[in-house]
Amino acid sequence: MAQLVGLIVSEDEAFKKHIERLLRSGAIPVSVIDDRLPREGTPPDLVIVDTRGDASSAMSNIERLRARAQGAGIFAVALTTDPDLILQSMRAGANEFFTWPPAEEAFHGAVRRTAGRRETTQGAGPVATTLVFFGAKGGAGTTTVSVNCGVELSRLSKRSIVIVDLKPGLGEVALFLGVRPRYSLLDAIDNLHRLDREFLRELVIKHKSGLEILAGSDQFDRPGAADGGAIEELFRLLARQYEYILVDAGSQINSCTVAALYTADTMFLVANPDVPSVRNAQRLLDRVRQLGACGERVRVLLNRAAEPYPIPPKQIEGALGHPIHHTFPSDYKTVSAALNSGVPLALTGNSDIAAQFDRFTRRILDPTAEAPSAQPARRVRPALERLASLW
Ligand SMILES: Nc1ncnc2c1ncn2[C@@H]1O[C@H](COP(=O)(O)OP(=O)(O)O)[C@@H](O)[C@H]1O
Ligand SMILES: [Mg+2]
């Protein structure tokens, strides 16, 4: 699905906050750009103009924006349904008209119409799908799952795919893939002004499966709190060059991982069937809801699943309020052999875990594909009681 670039034009911070939250909470990912920053490269797909104050300056804003972004959906927001103002807004170039505060359903409907229009008019260019992998805790297998999914996706689809290692301080994506990068994500975000197709080609390193890698930082404190805006811009640029963007987001919520979550078409939350994973996963899901990111995009992945389950899968689903989308078995020998040789599972031959990556990836390519049968649930009381006492 396409990610839209949204621009909010208003002097009122409360208006900006409210609209940004609305944009972030819909089923279609929208990244919000700031009008104060000079931007030649990224014309918005969606512009929301506050017409509640000085109507004539709002109308000239709409005209100016219409000239700059011809295919954009422009939404005018007014205090009342004044027929004169509606007419003026439409003449200036607005596509939709809302009274403040906009009704959520109607607003999301207008965003969907804009996305649909954009897909028909820009059908030729790549329309990136962004998949963000987030760990319920360190060691849950986020890097293992994202890297193997990337290789499998590349092998099965032959599409242009990049994996971005967002972890601050020595990410492991390149290591897992057995490649030695010369550049990292920091080179990209520190040179955004000249980050075009050619420059990007220099920064990424290609794996033999065809998967391209934007390697992790080599500085312990970066990407940090100050880099969130640059990371969001980086994703917008990558979306124009790749068909799939995979992100290893680690397991810490910070401004950079939030930028990735906002951009995501799907957020895969990687958890193990144990007490810390489930407790942290529930907290993370609460945080995602607080941030206003759409919960419909979350998919729970259960990694290192082995009988007997410390917590039965049904119980995990109940605690998280989300079904388990896919389960990967525990197979330390196969996973660590692949890791130590730098050859991902998808390329190592027959094993149940490699077969699960194949099925998982086929479901990404074709979401209507059949879901795997659920793992048998076995009840183990002590772990459940411990879990209950933690809430
Ligand atoms: N399904 C699995 N079965 C057994 N071991 C696994 C599995 N997935 C990951 N591991 C192992 O767990 C460790 C942590 O995995 P990693 O992907 O680095 O986690 P994270 O990125 O969440 O910190 C690694 O040693 C890896 O080999
Ligand atoms: Mg990792």
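Keep in mind the model is a prediction, meaning the values are calculated, not measured. Once a new chain begins, its residue numbering starts again from 1 and follows that chain's sequence as written. Ligands are numbered from 1 and chains lettered from A, in the order in which they are written. Per-residue local features of the predicted model are confined to residues with pLDDT of at least 70, and side-chain atom pairs are confined, for both listing and counting, to 80 or more; whole-chain, interface and lining totals are unaffected and use all residues. Where side-chain values are given, they derive from all heavy atoms of the structure, hydrogens and water being excluded.

1. Notes on the overall build of the protein
Step number 1: Put simply, DSSP H or I for four residues or longer makes a helix, DSSP E for two residues or longer makes a strand, and each gets a number counted from the N terminus. Looking only at helices and strands, one finds 15 helices and 13 strands in the protein.
Step number 2: The cut-offs for exposure are 20% and 50% of the maximum accessible area for each residue type, with area from a 1.4 Å probe on protein chains only; residues under the lower value are buried, those over the upper are exposed, and the others partly exposed. Expressed as a percentage of the 391 residues in the protein, the buried residues total 55%.
Step number 3: Summarising the internal contacts of the protein: among those between residues at least 6 apart in sequence, 79% fall at separations of at least 24.
Step number 4: For the protein, the exposed area adds up to about 17,800 Å²; of that, 50% sits on carbon and sulfur atoms. Contacts were defined at the residue level, with two residues in contact if any of their heavy atoms lie within 4.5 Å. Only the protein chains shown count as cover for residues, and all accessible areas are computed by the Shrake-Rupley method using a 1.4 Å probe.

2. A short note on helix α10 (residues 255-263)
Step number 1: Among the nine residues that make up α10, eight are buried, leaving the element largely enclosed by the rest of the structure.
Step number 2: Considered for burial, the residues of α10 that qualify are C256, T257, V258, A259, A260, L261, Y262 and T263.
Step number 3: Polar contacts here mean pairs of N or O atoms no more than 3.5 Å apart (in protein, one a potential hydrogen donor and the other a potential acceptor; neighbouring residues in sequence count only if both atoms are side-chain atoms). In this structure N254 caps α10, since a side-chain oxygen of it lies 3.0 Å from the backbone nitrogen of C256.

3. So, the site of ligand 1
Step number 1: Put simply, a residue is near a molecule or strand once any heavy atom of it comes within 4 Å of that molecule or strand. Neighbouring ligand 1 are 16 residues, the closest being G139, T142, T143, T144 and D331.
Step number 2: A distance of 3.2 Å separates an oxygen atom of ligand 1 from a polar backbone atom of A140.
Step number 3: Here ligand 1, which alone exposes 560 Å², has 86% of that area covered by the protein.
Step number 4: Mapped by element, the contributors of at least two residues to the shell around ligand 1 are α5 (142-157), β12 (298-305) and α13 (332-341).
Step number 5: Top contributing element to the shell around ligand 1 by residue count: α5, with three residues.
Step number 6: Its residues assigned to classes, the shell around ligand 1 shows six nonpolar, eight polar and two charged. Residues are sorted three ways: Asp, Glu, Lys and Arg are charged, Ala, Val, Leu, Ile, Met, Phe, Trp, Tyr, Cys and Pro are nonpolar, and all the rest, Gly among them, are polar.

4. Concerning the sheet that holds strand β3 (residues 46-50)
Step number 1: Taken together, five strands build an open sheet; the order of strands is β2-β1-β3-β4-β5 and the sheet is parallel. A single partner strand is all that each edge strand has here, and the edge strands are β2 (30-33) and β5 (96-99). Direction aside, the axes of adjacent strands within the sheet are offset by 25 degrees on average.
Step number 2: Every axis in this analysis is a line fitted to C-alpha atoms, fitted for helices over the stretch in contact. Angles between the N-to-C directions lie between 0 and 180 degrees. Helix-sheet contacts for helix α2 (residues 55-68) involve β1 (4-9), β3 and β4 (73-78), and the interaxial angle to β3 is about 165 degrees.
Step number 3: Contacts from helix α3 (residues 83-92) reach β4 and β5 within the one sheet, and its direction differs from that of β5 by about 145 degrees. In short, DSSP must find at least two bridges between two strands for them to pair.

5. Quick word on the environment of G109
Step number 1: Mapped onto the secondary structure, G109 falls in helix α4 (residues 104-121).
Step number 2: Overall, the relative accessible area of 12% leaves G109 in the buried class.
Step number 3: Through-space distance from the C-alpha of G109 to that of G26 is 9.4 Å; in sequence the pair is 83 residues apart.

6. Structural notes on the packing of α2 against α3
Step number 1: Two elements in contact, α2 and α3, have axes separated by 8 Å at closest approach and are oriented at 25 degrees. One element, α2, and the other, α3, form an angle in the roughly parallel class. Contacts between α2 and α3 involve A55, M59, I62, E63 and R66 from the former and L85, Q88, S89 and A92 from the latter.
Step number 2: Its residues assigned to classes, the contact of α2 with α3 shows five nonpolar, two polar and two charged. Note that the term roughly parallel is reserved for angles under 35 degrees, roughly antiparallel for angles over 145, roughly perpendicular for angles of 65 to 115, and oblique for everything else.

7. Observations regarding the confidence of the model for the protein
Step number 1: What pLDDT conveys is the predictor's confidence in a given residue, as a value from 0 to 100. Confidence along the protein averages 85 in pLDDT terms, with 88% of residues attaining 70 or more.
Step number 2: Contacts for the low-pLDDT stretch residues 374-386, under 50 throughout, to residues beyond four places or in other chains number 24 contacts.

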